[in-house]
Structure formats: C-alpha cells, structure tokens
Amino acid sequence: MRAVLQRVTEASVRIGGELVGQTGKGFLILVCAMAGDAEAQAEKLAAKVAKLRVFKDDQGKMNLSVRDIGGSALVVSQFTLAADLRGNRPGFSTAAPPAEGERLYLHFSQALEKEGVPVANGRFGADMAVSLVNDGPVTIWMDTDQP
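About the cut-offs
- Positions within a chain are numbered from 1, following the residues in the order the chain's sequence is written.
- Totals for whole chains, interfaces and linings use all residues, but because this is a predicted model, local features are given only for residues with pLDDT of at least 70 and pairs of side-chain atoms are given and counted only at 80 or more.
- Note: side-chain values were computed over all heavy atoms of the structure, leaving out hydrogens and water.
- Elements are defined by DSSP. Helices are runs of H or I of four residues or more, strands are runs of E of two residues or more, and each kind is numbered from the N terminus.
- Take the number of residues in a helix, subtract one, and multiply by 1.5 Å to get its expected span.
- The classification of residues rests on relative accessible area computed with a 1.4 Å probe and restricted to protein chains. Under 20% of the type maximum is buried, over 50% is exposed, and intermediate values are partly exposed.
- Here a residue-residue contact requires only that any non-hydrogen atoms of the pair lie within 4.5 Å.
- For this analysis, a polar contact is any N or O atom pair within 3.5 Å, provided that within protein one partner can donate a hydrogen and the other can accept it, and provided that sequence-adjacent residues contribute only side-chain to side-chain pairs.

Note on helix geometry: an α-helix contains 3.6 residues per turn, so any two residues three or four positions apart are oriented the same way. Taking 1.5 Å per residue, 13 residues should reach 18 Å; helix α1 (residues 39-51) reaches 19 Å between its end C-alpha atoms and fits that length. What α1 keeps buried is the set Ala 42, Leu 45, Ala 46, Ala 47, Val 49 and Ala 50. Looking at the buried residues of α1, the elements they touch are β1 (2-15), β3 (26-32), α2 (98-114) and β8 (129-143).

Structure, rendered in structure tokens:
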C-alpha cells in the first residue's frame, strides 16, 4: 500500500458540499491499495503511521507520534498514488481493482483505529473536495514495499 501523510492542524472532506469527514490535529492520509496487496500490508502501514514520530515535543523536536499527542486521522482513498508516469498521461493499472481497493482502504482505517488513532474517512470512489491546513509543512510518503 502507498500513502501520503500530511501533518495537519485540521482537515476535512466534502462531497457535493456535504461534510463527510474531518479531523483536528493529526494526519490527513491519502491511501492507495496496490495490485497484490492484502490485509497484512494495510496492517503494516497502519502500525507505521501510528508510531511515526513527526509531532513536536516540548523542545520543538519531532519526537512524538499521533497517539502521543492525542491526535486523529482523516483517511481518504487516492488511487492516483499508483500512477505510472512513463508517458504524458498517467496509467493506474498497478492500483488494486476497485472492490479490492475499497476493502483494503477500509481495512487500513480499521487497523489504524485498532492502533489507537481515531479515524474519519472520505468515501471511496467519490469525487471529493479535500481541505487542510498542513502543519509545518510536514508531508511524508510511505510504501509498504519500502523498508
């Protein structure tokens, strides 16, 4: 699985003007299941996210996790993270098929909650408007195929 994490002071997602998910201090997580991914990748990614120390401690050093600060996450499906950019028009054949992608996206959210991080979600496959205030800015790319 692939994810882009943005440390935020707030983030929200709307569909057709309707607020469907929001978070305060924590992460906006754009996540994509790749072809061949399984529950193990979703759980591995959730564990890495929950333990990632990118929030400032009392000395201003990035030394705290989202759990340490009592933060939360807004998780949004983002199949375009699977973009193949060999040409001028990206291809997305390396993304998991839609039904599998949705299942793993939801499994990732559930696994993150089991790691102790409250989660709000966007809606898989919807045309979403995402708003955020990036804190730092701090933006981290993760891939379960990478160490």
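Next comes the rest of the account.
Negative phi is the rule for most residues except glycine; trans is the rule for most peptide bonds. Omega for the peptide link from Gly 136 to Pro 137 comes to 0°, which places this bond in the cis form. Along the polypeptide, Pro 137 turns up in strand β8.

Glancing now at the side chain of Ser 72. Among the secondary structure elements, Ser 72 is positioned in strand β6 (residues 72-77). Residue classification places Ser 72 among the buried positions, given a relative accessible area of 17%. At a separation of 2.4 Å, a polar atom in the side chain of Ser 72 contacts the side chain of Thr 23. Beyond its immediate stretch of four places on either side in the chain, Ser 72 contacts Thr 23, Gly 24, Lys 25, Gly 26, Phe 27, Val 66, Val 117 and Pro 118.

A few words on α2. Between the first and last C-alpha of α2 there are 24 Å, a value that for 17 residues agrees with the 24 Å anticipated at 1.5 Å per step. The complete set of buried residues in α2 reads Gly 101, Leu 104, Tyr 105, His 107, Phe 108, Ser 109, Ala 111 and Leu 112. Residues of α2 that are buried make contact with β3, α1, β6 and β7 (119-121). Just beyond α2, the residue with positive phi is Gly 116, at close to 95°.

Keep in mind these numbers describe shape, not what the thing actually does.
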